[in-house]
Amino acid sequence: MWPCTTSSILHRWHQHQKVQVDSDEYEIIWVETMWSLQLHVGRLIELRIWAPVKVDELDLFGKELMALTGQVLARGQRAVICHDLRELGILAPEVSDWFVRMMERDNPRIERVGILIGQGATHALQIERMIKQAKNATRRIFRDDASVIAWLSEVLDSAEVAALRQFFGTRQ
């Protein structure tokens, strides 16, 4: 779905099954994914997370995010992150607590974070609570992609804005 580059991390779990059809053998692969992290251009990190979020995979996710923000820091910059959480749903308490700790740890590494959420009220309240607990006013929640693009574009260069628009599938 999303191209994988040296600065892009897609986390996947694979299940394989071989199937015989007539005389041909095929391998069917199911991929269950919890997140997608990408750094295509500049300091813009593109992040999608969707359900189910598994507690036992969170530490690996945190390490991979730290690796991408570390690449940006190595260039003397702080990361700008766009989250697409529209497919996430409600998080278990231990998962939301883990994300709050991760956000607190990442505060010095980020300049701005735009978070696109779905329409669910409970999901929005949970994400708002997590952001408040992380104590960084540079994180904001949005309900539509145009608003998150406009807000993040204030601090991005033209190549980063183009990548952001592509991430959300918009043109302009």
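Relevant structure appears above.
Along each chain, residue indices are assigned from 1 in the same order as the chain's sequence is written. Only residues with pLDDT of 70 or above have their local features reported here, since the model is predicted, and side-chain atom pairs are shown and tallied only from 80 upward, although totals for entire chains, interfaces and linings are computed over all residues. With hydrogens and water set aside, each side-chain value is computed from the structure's full complement of heavy atoms.

A. Structural detail: the pairing of strand β7 (residues 110-116). Across the seven residues that make up β7, a large majority, six, are buried. In this sheet, β7 lies alongside strand β6 (residues 79-84) in parallel orientation, the contact comprising six bridges. By the bridge assignment, Cys82 is partnered in β7 with Gly114. For the handedness criterion, the β-α-β arrangement of β6, helix α2 (residues 93-106) and β7 is classed as right-handed. Relative accessibility under 20% of the residue-type maximum defines a buried residue, over 50% an exposed one, and the middle range a partly exposed one, all with a 1.4 Å probe and only protein chains included. Comment: elements are numbered from the N terminus, with helices defined as DSSP H or I runs of at least four residues and strands as E runs of at least two. What makes two strands pair is DSSP finding at least two bridges between them. Look down the strands so they point away from you; if the path from the first strand over the helix to the second goes clockwise, the crossover is right-handed.

B. The packing of helix α4 (residues 145-153) against helix α5 (residues 158-168), seen in detail. Where α4 meets α5, the closest approach of the two axes is 10 Å, and the angle between their N-to-C directions is 165°. Classified by the angle their axes make, α4 and α5 are roughly antiparallel. When the axes of α4 and α5 are compared, the crossing they make is right-handed. For the pair α4 and α5, the contacting residues are Asp145, Val148, Ile149, Leu152 and Ser153 in the first and Val161, Leu164, Arg165 and Phe168 in the second. Amino acid classes used here: Ala, Val, Leu, Ile, Met, Phe, Trp, Tyr, Cys and Pro are nonpolar; Asp, Glu, Lys and Arg are charged; the rest, including Gly, are polar. Of the residues in the contact of α4 with α5, the class split is six nonpolar, one polar and two charged. Here the axes come from fitting lines to C-alpha atoms, over the contacting stretch only for helices, and the angles between their N-to-C directions go from 0 to 180 degrees. For classification purposes, angles smaller than 35 degrees are called roughly parallel, those larger than 145 roughly antiparallel, those between 65 and 115 roughly perpendicular, and all remaining angles oblique. Each crossing gets its hand from how the near helix is turned against the far one by less than a right angle, where anticlockwise is left-handed and clockwise is right-handed. Should any heavy atoms of two residues lie within 4.5 Å, those residues are counted as being in contact.

By themselves these figures say nothing about function.
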